[in-house]
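Structural features, examined
Letter by letter, the chains look like this.
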Amino acid sequence: MPDLATLSQTVCLIALAGLLIAAAWQDMRTLHIGNGLSIAIAALFVGWAIIGLIAGSYTLQALGLSIACGAGLFAVGVAAFAIGILGGGDVKLLAAVGLFAGPAGILDLLLVTALAGGLLGIAALAGVPIGLVSTQGEAALRRRLPYGPAIAVGGLWVASRLAVG
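Right, let's walk through the structure included here. (Residues numbered from 1 in each chain as written. Predicted model: local features only at pLDDT ≥ 70, side-chain atom pairs only at ≥ 80, totals over all residues. Heavy atoms only, no water.)

**Structural notes on the overall build of the protein**
Counting secondary structure elements, the protein contains 6 helices and 0 strands. Going from N to C terminus, the protein has its helices and strands arranged as α-α-α-α-α-α. Its C-alpha atoms give the protein a radius of gyration of 16 Å, within 12% of the compact-globule value 15 Å for 165 residues. Looking at the protein as a whole, 41% of its 165 residues qualify as buried. (Helix = DSSP H or I, 4+ residues; strand = E, 2+ residues; numbered from the N terminus. Rg over C-alpha atoms; globule rule 2.2 N^0.38 Å. Buried < 20%, exposed > 50% of the residue type's maximum accessible area, 1.4 Å probe, protein only.)

**Topic: unusual backbone geometry**
Its identity is not glycine, yet L31 carries a phi of approximately 55°, on the positive side. Structurally, the position occupied by L31 is in the loop between α1 (4-30) and α2 (35-55).

**Some remarks on α1**
Between its first and last C-alpha atoms α1 spans 39 Å; for 27 residues at 1.5 Å apiece the expected length is 39 Å, and the two agree. What α1 keeps buried is the set A5, Q9, C12, L13, L16, L19, L20, A23, A24 and D27. Where the residues of α1 are buried, they touch α2, α4 (88-125) and α6 (148-164). Downstream of α1 by a residue or two, L31 has a phi angle that is positive, lying close to 55°. (Expected span 1.5 Å × (residues − 1). Contact = heavy atoms within 4.5 Å.)

**Some points on the state of the cysteines**
One way to say it: the disulfide is the covalent bond shared by the sulfur atoms of two cysteines. A full pass over the atoms with the stated rule returns 0 disulfides. C69 supplies the cysteine sulfur nearest to C12, a cysteine that is in no disulfide, at a spacing of 19 Å. For C12, a relative accessible area of 10% translates into the label buried. (Disulfide = S-S within 2.5 Å.)

**Thoughts on α6**
Here α6 spans 24 Å end to end across 17 residues, near enough to the 24 Å set by a 1.5 Å rise per residue. Contacts made by the buried residues of α6 are with α1 and α4. Just beyond α6, the residue with positive phi is G165, at close to 125°.

**Considering the packing of α2 against helix α3 (residues 60-82)**
How two helices pack is summed up by the angle between their axes together with the distance between the axes. For the pair α2 and α3, interaxial distance at closest approach is 10 Å and the crossing angle is 160°. With respect to their mutual orientation, α2 and α3 come out roughly antiparallel. Note on packing geometry: the crossing formed by α2 with α3 is right-handed. Taken together, the residues of α3 that come into contact with α2 (itself represented by F45, A49 and L53) are L60, L63 and S66. Among the residues making up the contact of α2 with α3, the classes are represented as 5 nonpolar, 1 polar and no charged. (Axes fitted to C-alpha atoms, helices over the stretch in contact; angles between N-to-C directions. Parallel < 35°, antiparallel > 145°, perpendicular 65-115°, else oblique. Left-handed = near helix turned anticlockwise from the far one by under 90°. Nonpolar A, V, L, I, M, F, W, Y, C, P; charged D, E, K, R; others polar.)

**With respect to the packing of α1 against α2**
α2 packs onto α1 with a crossing angle of 165° between their chain directions and a minimal axis gap of 10 Å. The angle between α1 and α2 falls in the class roughly antiparallel. The handedness of the crossing between α1 and α2 is left-handed. Across the interface between the two elements, A5, S8, Q9, C12, L13, A15, L16, L19, L20, A22, A23 and Q26 from α1 touch L37, A40, I41, L44, W48, I51, G52 and A55 from α2. Tallied by class, the residues present in the contact of α1 with α2 amount to 16 nonpolar, 4 polar and no charged.

**Notes on the side chain of D90**
Of note, D90 is situated in helix α4. For D90, a relative accessible area of 8% puts it in the buried group. When neighbours within four sequence positions are excluded, D90 is seen to be in contact with D27, I33, Y147, G148 and I151.

**Quick notes on the packing of aromatic side chains**
Summed over all chains, the structure comprises 4 aromatic pairs. Arranged with centres 5.2 Å apart and planes meeting at 65°, the rings of W48 and Y58 form a pair that is edge-to-face. Highlighted residues: W48 in helix α2 and Y58 in the loop between α2 and α3, separated in sequence by 10 residues. Within the aromatic cluster, the residues linked to one another by ring pairs are F45, W48, Y58 and F100. (Phe/Tyr/Trp six-rings, centres within 6.5 Å; stacked < 30°, edge-to-face > 60°.)

Here it is in structure tokens:
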């Protein structure tokens with residue numbers, strides 16, 4: 001039977017999955033990811049990390065490296081935003097998920113996100129409707145691809161890896 005800390009961290013990962021699905025859904029509907037979702041994911045990471053620190057399953061060094069990963073993703077994301085590759089909501093979401101990924105999962109996060117984004121792009125090129133935006137947003141969807149779903153897939157991969165151990 002899992003201990004209270006393991007159970008609490010599992011609940012955090014389930015909440016992370018829910019927030020990622022909400023971010024993907026919001027981006028598909030509106031081509032926008034609200035700041036509240038990224039802030040909630042970052043706050044959830046703080047709780048997850050504190051539980052791990054108290055239980056002894058997470059170290060201060062790992063915490064520092066996870067924060068560095070999130071900050072690094074944010075810095076690279078800001079550069080991508082500046083040249084029009086990513087939206088601001090995508091950058092914040094990716095950085096927040098990067099906290100959970102840490103150094104052990106950052107490459108998985110980026111690889112799975114890129115693969116999911118590539119599949120979204122191929123589907124869009126094939127004429128598959130990607131977003132659920134209103135008719136007012138259809139023109140915007142033709143110019144932009146919602147990348148939140150791809151980040152969510154990468155984040156779900158990271159969460160599943162953390163849940164397994």
